[in-house]
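# Tertiary structure, described
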Amino acid sequence: MAILSDYNEDQENNNCCSCPHPPSGLSFNGVLDPSNPMGFLESALNFVSENSDMFKKGSPERKISSLVKNIRERIVKEEEEKEAAKKLEEEKKNKAMNKKLTPNKANGLDMETHSWGQSLQEVTINIPVPEGTKSRDVLCEIKMKSLKVGLKGQTPIIQGELFESVKPNDSYWMMEDQKVISVLLTKCDKMTWWKSLVKGGPEIDTQKAEPEPSKLSDLEGETRSAVEKMMFDQRQKQMGLPTSQEIENQEMMKKFMAQNPNFDFSNAKMM
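Residues numbered from 1 in each chain as written. Predicted model: local features only at pLDDT ≥ 70, side-chain atom pairs only at ≥ 80, totals over all residues. Heavy atoms only, no water.

## Notes on the pairing of strand 6 (residues 138-142)
- Along strand 6, the buried face is formed by Val138, Cys140 and Ile142; none of Leu139 and Glu141, which line the opposite face, is buried.
- Judged from the 5 bridges that link them, strand 6 and strand 7 (residues 146-151) form a sheet pairing that is antiparallel. Residue pairing across strands places isoleucine 142 opposite leucine 147, the latter belonging to strand 7. (Buried < 20%, exposed > 50% of the residue type's maximum accessible area, 1.4 Å probe, protein only. Helix = DSSP H or I, 4+ residues; strand = E, 2+ residues; numbered from the N terminus. Pairing = 2+ DSSP bridges.)

## Looking at helix 5 (residues 221-238)
- For helix 5, which comprises 18 residues, the first-to-last C-alpha distance of 26 Å matches the rise-based estimate of 26 Å (1.5 Å per residue) to within 8%.
- In the segment just after helix 5, glycine 240 is the residue with positive phi, at about 75°. (Expected span 1.5 Å × (residues − 1).)

## Here we look at the environment of serine 146
- With respect to the helices and strands, serine 146 occurs in strand 7.
- Serine 146 sits in the partly exposed class, given a relative accessible area of 26%.
- Each C-alpha atom of the pair serine 146 and leucine 162 lies 5.0 Å from the other, and the pair is 16 residues apart in sequence.
- Not counting chain neighbours up to four residues away, the residues in contact with serine 146 comprise Glu141, Gly160, Glu161 and Leu162. (Contact = heavy atoms within 4.5 Å.)

## Quick look at the sheet that holds strand 3 (residues 109-110)
- Taken together, the 5 strands give an open sheet; going across it, the order is 3-4-5-10-9, and neighbouring strands pair in antiparallel fashion. A single partner strand is all that each edge strand has here, and the edge strands are strand 3 and strand 9 (172-176).

## Regarding unusual backbone geometry
- The phi dihedral of aspartate 177 falls on the positive side, at around 55°, and the residue is not glycine.
- Examined against the element boundaries, aspartate 177 turns out to sit in the loop between strand 9 and strand 10 (180-186).
- The exposed category is assigned to aspartate 177, whose relative accessible area is 65%.
- With a phi close to 55°, glutamine 178 is a non-glycine residue in the positive phi region.
- Checked against the element boundaries, glutamine 178 lands in the loop between strand 9 and strand 10.

Listed below in structure tokens is the structure:
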């Protein structure tokens, strides 16, 4: 606790100097916070300034008070700038996390510990392991909505909820040359590109995913038509042109207008 002592009348009468003193009967009580010494000093100077004529215009004391005030304002400004910079850095980090990545040639992503790719029917995963690894050393659990792959007694290399459901009975894994675990997952929905292997993982830009032309001819009639339509719509969107559904709607509107020339279309909207 810091206290500016009272000045009694005898002390004032006996004081031979001509320096101004705080009025008697007044005291300042303040706690010095080590983390904010400037705050305490500013409060003390403000108290003296308000209750005495010590700080006359142009005096050194007034300059000190002004300096302390400027320093405090500068500290506050620096703290605000640091906070703003921190928020900006967080925003940049969030944007980077949310940025969709360009898929690899297999329409998947190359990760640090594994790589994955996909077609519209299945997902393939390749996981490098120490050379000489045997099948009995591998732990692989394929479930409808989750996957766990790794080596026994070690932290799983892949573990999490799959982006979409798969058919466990039509999925399998195998060792290749005792150095790569290869996993094949059969998709339940054969019309959807996966954005990531497991939920929460890095996402790819599915607009850039492309079926292999050599395999398109192997699809059955209905599936092939749907895939070709999806590819057409994807190209149209990239060029800023109408999709197949939008073109169909426009054609329907043209026919309706031709069949109903007296109808007022001024307020009609395309859905």
